[in-house]
Protein chains: 2
Amino acid sequence: MSRFFKFILSVTLLILFSLVSQLTYSQSISIADFGVKPDTYENITPRIQKIIDEAIARHSTELVFPKGRYDFWPDGAIRAKYFVSNTSTEEEDSTKTKTIGMLFKKAKNLTIDGNGSLFIFHGKMTTIVLDQCENLKLQNIHIDFERPTMSEMRYAKVSEQGVDLEIHPDAKYSISNGQLIWHGEGWKTSHFHGVEFDTTLKTMRYSDWKTFNGSRATQISPNLVHFDTPSGFKPKQGNILTVRDIIRDQVGLLILQSKNITLEDVGMHYMHGLGIVSQYTENITMHRVTCAPREETKRIIASSADFMHFSGCRGQITIEDCKFSGAHDDPVNVHGTNLRMIEKMDNNRLKLRFMHGQSYGFNAFFAGDTVAFVHASSMIRFEKGIVKAVERISDRNVIITFQNVVPTGLEANDCVENMTWTPQVLIKNNYFTRTNTRGILLTTPRKAVIENNIFYRTGMSAILIEADAEGWYESGPVRDVTIRNNQFIDCAYQGGPGNAVIGINPSNKIADFKKPVHSNIRIENNVFTTFDFPVLYAKSTEGLVFSGNTIIRSNTLPPQSENKKMFYFNGCSRVEISNTKMSGDVLGRNINIENMPKSNLKVTGSKKLAIE
Amino acid sequence: MSRFFKFILSVTLLILFSLVSQLTYSQSISIADFGVKPDTYENITPRIQKIIDEAIARHSTELVFPKGRYDFWPDGAIRAKYFVSNTSTEEEDSTKTKTIGMLFKKAKNLTIDGNGSLFIFHGKMTTIVLDQCENLKLQNIHIDFERPTMSEMRYAKVSEQGVDLEIHPDAKYSISNGQLIWHGEGWKTSHFHGVEFDTTLKTMRYSDWKTFNGSRATQISPNLVHFDTPSGFKPKQGNILTVRDIIRDQVGLLILQSKNITLEDVGMHYMHGLGIVSQYTENITMHRVTCAPREETKRIIASSADFMHFSGCRGQITIEDCKFSGAHDDPVNVHGTNLRMIEKMDNNRLKLRFMHGQSYGFNAFFAGDTVAFVHASSMIRFEKGIVKAVERISDRNVIITFQNVVPTGLEANDCVENMTWTPQVLIKNNYFTRTNTRGILLTTPRKAVIENNIFYRTGMSAILIEADAEGWYESGPVRDVTIRNNQFIDCAYQGGPGNAVIGINPSNKIADFKKPVHSNIRIENNVFTTFDFPVLYAKSTEGLVFSGNTIIRSNTLPPQSENKKMFYFNGCSRVEISNTKMSGDVLGRNINIENMPKSNLKVTGSKKLAIE
């Protein structure tokens, strides 16, 4: 064979090989090819997991579900131990084992397309886990539970003889010895937590199952139960009570140590335990994600707790064109986790401890990460360090070796904050409603923009910026936050801080305007429609701009806060209020300042605001 | 040490050892000792199975469940392949794999005491399997399903605009594109079978889901659905339609190749596929077993098919003080299985074949068994043989080697009946109602007594004695049956044979009184309350006594049978009717005989009966 032919042959083979590789490595897999059909109502969990594993092994680029209903049961599901931020329960070790509907482990360059399918989950399950994935997209998928762990019921009749509860058809119950028991597909509710929805005011407030739990129950007809409640007990007829178990033994969807993850046109219609938890993941896009009940179910709650929970993520978090309605906690929560120094092992070695009972055991530091050393009392990041090595010595404790010696100024109880794993955040064009807590809870040292959103009757502050090295240990000071062009409608009717629509409230004990925690927060061109006095509460913030905003008086709810101040500043500096427009009989029109000189407040172009 | 002391020491050690052995081997195990609690609504299947295995390994004599509710899910259940009589489906091999709630394999001398507990099963499961057990007793247990595979619904409103169905709260459904889909915990109904309960007449008749399946469904409110049925469709308002899938992919409870099995104070409140199936088991006692829905569920059906099905059992079967209400097929069915000869391999070797699509694959012959060779056409057992060896060559076919040469008279299609595996039967003090088919279906060559029972509106004959070597191939001629002191009330309104309250109807093609199939059947001192003509239909029976019975006219239903004969005898011999008392406007008072001379009928001491 001549050299030339050898060359031609080689080139041909190379082309063929490359084509075959392409065919092998960029194919689309449909579950239909594996004989899984929609609308069978059968458990597909184990079969789908095999197909997923196959898709990952084949390096498929697309996994397709023909449109229809698919049912997932715990039977045959992967059980795996995951330490998930804000969920663990010290007493119940079993809560760490997740029952996983679909596990994507180390999947790369894969789009999962549901074509508008409905995935119905049963029992207590974590619907999807993305573990160490990269370039993964979930699209056109609706996720719901046959029997949510939330039990919903209406006060159908309230009288001297007691209360008749009309129970939502999806809420299974038994009555045993006159006691109503909430149960579902393999569980019952034991640690009760109640939230009540006012069907006329559209508000959500903490409520209680205790009275019903202590009263004799008698079934009148299927899903209508009479309770011999005490004569003084008079809930508002027509309101809806929603009751769940507080134990967060699963989460809705878990994204863990992954990169470039997108959810688009996804409906999360019920999530048990906690919602979509993203943990130590880089770049997450949530686009047209609906966290709300499916209308046809006539339910009002879609999650036991937060809808989207980001813990220790980095890169860019984008939440755009999403809808959030019906959570027992914050729709969006972005934070890190501070670990407390408990022992200085060496000049460059510290033993650190996860402090909160619900957040521990996960990987919070990686070699090369930049950290901040934080004074717990002042929340001040006083020094930086770089992680050399991480040694996990227990679920609670880690030993970190730093590249250099740790600062000598470290005090007892000081914390270490992982600065590498903090994200840029864009939250845009979303709709927030029907939550008893906040709309957005956010702390990141990087750029954060919250714009063009509507916040309709969130129970507490529509936006809350905390930062704490105590309590939840969810760090840390923000340095660049823009809140613009949002509409806030009748928010903060059940809490604040100070019942303010926007709250900035770090946990530092002494508010000293010379030692700010947060800095550079701009609140611009928003519309605040509110029935009450407080609009903004801020503590220990430097460089706070409130500019071009409109405040409109609403009369849908009575004013109720003890805080009668439109603006409340505590230990802040370089505060500017400019061009505030007011419409209607706006309450207060006043500014409270404390722990700071007046010189740190500049009011321009606004109607007269009394400084108190 | 003196010899005496050595002796004393030995004796003492022996006594101690024996005591310890006793403690070890006769103990009672409570599931509470293993941390399993009632009323958790959690899935206990895998944990209970471990305890069962432990109890069997320890030779425990008692396994105790503290009173309460226990939930069993397919998750973690043992899956095992069992060929069960009258259930297999050729097309669907998967139907042979049973999902087992509790498997007792080779358990001996064990009582399982539920203390009145309620075991709730989920999905499609075989609740309990007793495989090769001996001296095993189940007591004080109630078994039910959360979502039975039977869907029950009431014709709430029947009008020109269609039919509104009020769906039982336990019957889950979806409406998709105007089509109602019945589904449950991991399944949906595809092969529909309907039975309708007339709520005023208390009768059950075959009905149809087809009309609803073809009509547009619209939900009015939860569990109330309107169907645009054709204008001519006018079911009786208030009646209850019950719909199931005909595939028998599980059974209620399976007793297999066991000995001395007792069920006492057991409630089987729903069973899917087929009921309690006893197969090749010796000595079974059913005492105070209630096969009926739990009253509080307001359901009317408790089984997809037969309640108690005995196939190829031997020794004594006793069914006493039981209640049977709400089956889609016969409450009690006792039979064997004839295999057809398909090839003579040798003088003493035959290849045999299971002929019915639902019954095959199980062990039907054991070495040492006595068999009868049966002419298929005449049903006559013309010769005996003894099994030497059994070779299973496929699910369908076995090769039997006999101790002696097989009879030369064997004709094509002749059958082999296993005579060793036939039982004595006592069915006493039971209550039978709400079935669209028979009360008791029975064929055994040994002594059978049916006494002191009440049969209230069974759809077909209250008691049917068949025998066939065609169709179901459920052998064989009876030789000693006593039916006495029973009450039959308004039975056989939807079928017979000949709509007779008692039917004797072997499958032989030519009824020749000289070649009887059955013999020695005595029907004595019973009370027949009936709205119709037929009381007794008998074919090819020798030695048939109908003595001391009372027939009372009832007017609850209109007479409807085309058979206008009180007694119908075809090819019978030595028939005696004596001392028949009649009360009220009893219909017919006549006797039809065919294929037999009058001399074979003797009527004495009865009111005038016309022989036709």
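About the cut-offs
- Residues numbered from 1 in each chain as written.
- Chains lettered and ligands numbered in written order.
- Predicted model: local features only at pLDDT ≥ 70, side-chain atom pairs only at ≥ 80, totals over all residues.
- Heavy atoms only, no water.
- Helix = DSSP H or I, 4+ residues; strand = E, 2+ residues; numbered from the N terminus.
- Buried < 20%, exposed > 50% of the residue type's maximum accessible area, 1.4 Å probe, protein only.
- Polar contact = N/O pair within 3.5 Å; in protein donor to acceptor, adjacent residues only side chain to side chain.
- Contact = heavy atoms within 4.5 Å.
- Phe/Tyr/Trp six-rings, centres within 6.5 Å; stacked < 30°, edge-to-face > 60°.
- Lys NZ or Arg CZ within 6 Å of the ring centre and 35° of its normal.
- Buried area = accessible area lost by both parts, 1.4 Å probe.
- Salt bridge = Lys/Arg side-chain N within 4 Å of Asp/Glu carboxyl O.
- Nonpolar A, V, L, I, M, F, W, Y, C, P; charged D, E, K, R; others polar.
- Least-squares fit on C-alpha atoms with pLDDT ≥ 70 in both.
- Expected span 1.5 Å × (residues − 1).
- Arc of directions from axis to C-beta.
- Domains from an automatic or database assignment.
- Pairing = 2+ DSSP bridges.
- Axes fitted to C-alpha atoms, helices over the stretch in contact; angles between N-to-C directions.
- Disulfide = S-S within 2.5 Å.

## Section: the side chain of Glu451 of chain A
Residues and elements named next belong to chain A.
- Mapped onto the elements of the fold, Glu451 is located in strand β35 (residues 448-451).
- Of the residues examined, Glu451 reaches a relative accessible area of 10% and is grouped as buried.
- A polar atom in the side chain of Glu451 sits 2.7 Å from the side chain of Arg484.
- If we skip the residues at most four places from it in the chain, Glu451 touches Leu426, Ile427, Lys428, Asn429, Arg484 and Asn486.

## A closer look at the packing of aromatic side chains
- Evaluated as defined, the whole model comprises 62 aromatic pairs over all chains.
- Look at Phe546 of chain A and Phe567 of chain A: their rings are 4.8 Å apart centre to centre, the planes differ by 80 degrees, and that puts the pair in the edge-to-face class. Taken together, the residues span a long stretch of sequence, with Phe546 of chain A in strand β44 (residues 541-547) and Phe567 of chain A in strand β46 (residues 567-570) at a distance of 21 residues.
- Geometrically, the ring pair formed by Phe324 of chain B and Phe432 of chain B is stacked, given 4.9 Å between the ring centres and 15 degrees between the ring planes. Highlighted residues: Phe324 of chain B in strand β24 (residues 323-327) and Phe432 of chain B in strand β33 (residues 431-435), separated in sequence by 108 residues. Like Phe324 of chain B, the residue Phe432 of chain B is buried in the burial classification.
- Counting every residue linked through ring pairs, the aromatic cluster contains Phe307, Phe324, Phe432, Phe455, Phe488, Phe528, Phe546, Phe567 and Phe569 of chain A.
- Here Arg434 of chain A stacks its cationic end above the ring of Phe197 of chain A, 4.5 Å away from the centre of that ring.

## Some details on the interface of chain B and chain A
- Between chain B and chain A, the residue contacts involve 23 residues of the former and 23 residues of the latter.
- Buried surface at the junction of chain B and chain A, both sides included, amounts to about 1,700 Å², of which 54% is carbon and sulfur.
- Looking only at chain B, the three residues that lose the most surface to chain A are Tyr41, Trp73 and Asp75 of chain B, adding up to 34% of its buried area.
- Seen at the junction of chain B and chain A, the total is four salt bridges.
- The residue Arg79 of chain A makes a salt bridge to Asp75 of chain B at a minimum N-O spacing of 2.5 Å.
- Our count for the contact surface shared by chain B and chain A stands at ten residue pairs in polar contact (both at pLDDT 80 or more).
- Across the side of chain B that touches chain A, the residue classes tally to seven nonpolar, seven polar and nine charged.

## So, the environment of Lys137 of chain B
All names here are of chain B.
- Structurally, Lys137 can be placed in strand β8 (residues 134-145).
- The class for Lys137 is partly exposed, based on a relative accessible area of 23%.
- A sequence separation of 219 residues divides Lys137 from His356, and the C-alpha atoms of the two residues are 32 Å apart.
- Contact partners of Lys137, with chain neighbours within four places excluded, come to Leu110, Thr111, Ile112, Thr262 and Glu264.

## Considerations on the side chain of Ser540 of chain B
Residue and element names in this part refer to chain B.
- Structurally, Ser540 can be placed in the loop between β43 (536-539) and β44 (541-547).
- Judged by relative accessible area, which is 0%, Ser540 ranks as buried.
- In terms of polar contacts, Ser540 uses its side chain to reach the side chain of Asn508, at 2.9 Å.
- Those residues in contact with Ser540, other than ones at most four positions away along the chain, are Pro506, Asn508, Ala511, Asp512, Pro516, Val517, His518, Asn570, Gly571 and Cys572.

## Some details on the relation of the copies chain B and chain A
- The two copies are related by a screw operation: chain B maps onto chain A through 180 degrees of rotation and 0.0 Å of translation along the axis, at an RMSD of 0.0 Å. Viewed as a symmetry operation, the transformation between the two copies matches a two-fold axis. Scanning chain B for the C-alpha nearest the rotation axis identifies Asp75 of chain B, at a separation of 2.1 Å.
- In this assembly, 100% of the residues forming the interface of chain B have copies in chain A that are likewise at the interface, indicating an isologous arrangement.

## A closer look at helix α2 (residues 45-57) of chain B
Residue and element names in this part refer to chain B.
- Taking 1.5 Å of rise per residue, 13 residues should cover 18 Å, and α2 covers 18 Å from first to last C-alpha, within 8% of that figure.
- Buried within α2 are the following residues: Thr45, Ile48, Gln49, Ile51, Ile52, Ala55 and Ile56. For α2, the angular spread of the buried residues around the axis is 160 degrees, confining them to a single face. Opposite the packed face of α2, turned more than 90 degrees from it, sit the exposed residues Lys50 and Ala57.
- In this fold, the buried residues of α2 make contact with β1 (28-30), β2 (62-64), β3 (69-72), β4 (78-81) and β5 (97-105).
- Downstream of α2 by a residue or two, His59 has a phi angle that is positive, lying close to 60 degrees.

## What about the domain arrangement of chain A?
Residues and elements named next belong to chain A.
- In terms of domain boundaries, chain A breaks down into domain 1 (29-148 + 249-327), domain 2 (151-245), domain 3 (339-418) and domain 4 (448-611).
- One C-alpha centre belongs to domain 2, the other to domain 4; they are set 37 Å apart.
- Between domain 2 and domain 4, the contact holds six residues from the first and eight residues from the second.
- Taken together, the two surfaces of domain 2 and domain 4 that pack against each other cover about 620 Å², and 50% of this comes from carbon and sulfur.
- Among the residues of domain 2 in contact with domain 4, Leu201, Arg205 and Tyr206 are the three that bury the most area, contributing 60% of the side total.
- For the pair domain 2 and domain 4, the number of links is five residue pairs in polar contact (both at pLDDT 80 or more).
- Grouping the amino acids of the side of domain 2 that touches domain 4 by side-chain chemistry returns three nonpolar, one polar and two charged.

## Describing the sheet that holds strand β29 (residues 381-392) of chain A
- Here we have six strands rolled up into a closed barrel, ordered β26-β27-β30-β29-β28-β31 (chain A), and antiparallel in their pairing. Looking at each pair of strands side by side, their axes are set apart by 50 degrees on average, direction ignored.

## Here we look at the state of the cysteines
All names here are of chain B.
- Taken as a whole and assessed by the stated rule, the structure comprises zero disulfides over all chains.
- As a non-bridged cysteine, Cys291 has Cys322 as the owner of its nearest cysteine sulfur, 6.9 Å distant.
- Take Cys291: its relative accessible area is 0%, and that puts it in the buried class.

## Things to note about the sheet that holds strand β9 (residues 151-159) of chain A
All names here are of chain A.
- Strand order across the open sheet formed by seven strands is β14-β13-β17-β9-β10-β16-β15, with antiparallel pairing between neighbours. Looking at the sheet topology across the chains shown, the edges are occupied by β14 (203-207) and β15 (217-221). With direction set aside, neighbouring strand axes in the sheet form an average angle of 30 degrees.
- As paired strands, strand β13 (residues 192-198) and β14 are joined by five bridges and run antiparallel to one another. In the strand pairing of β14, Val195 is matched with Tyr206.

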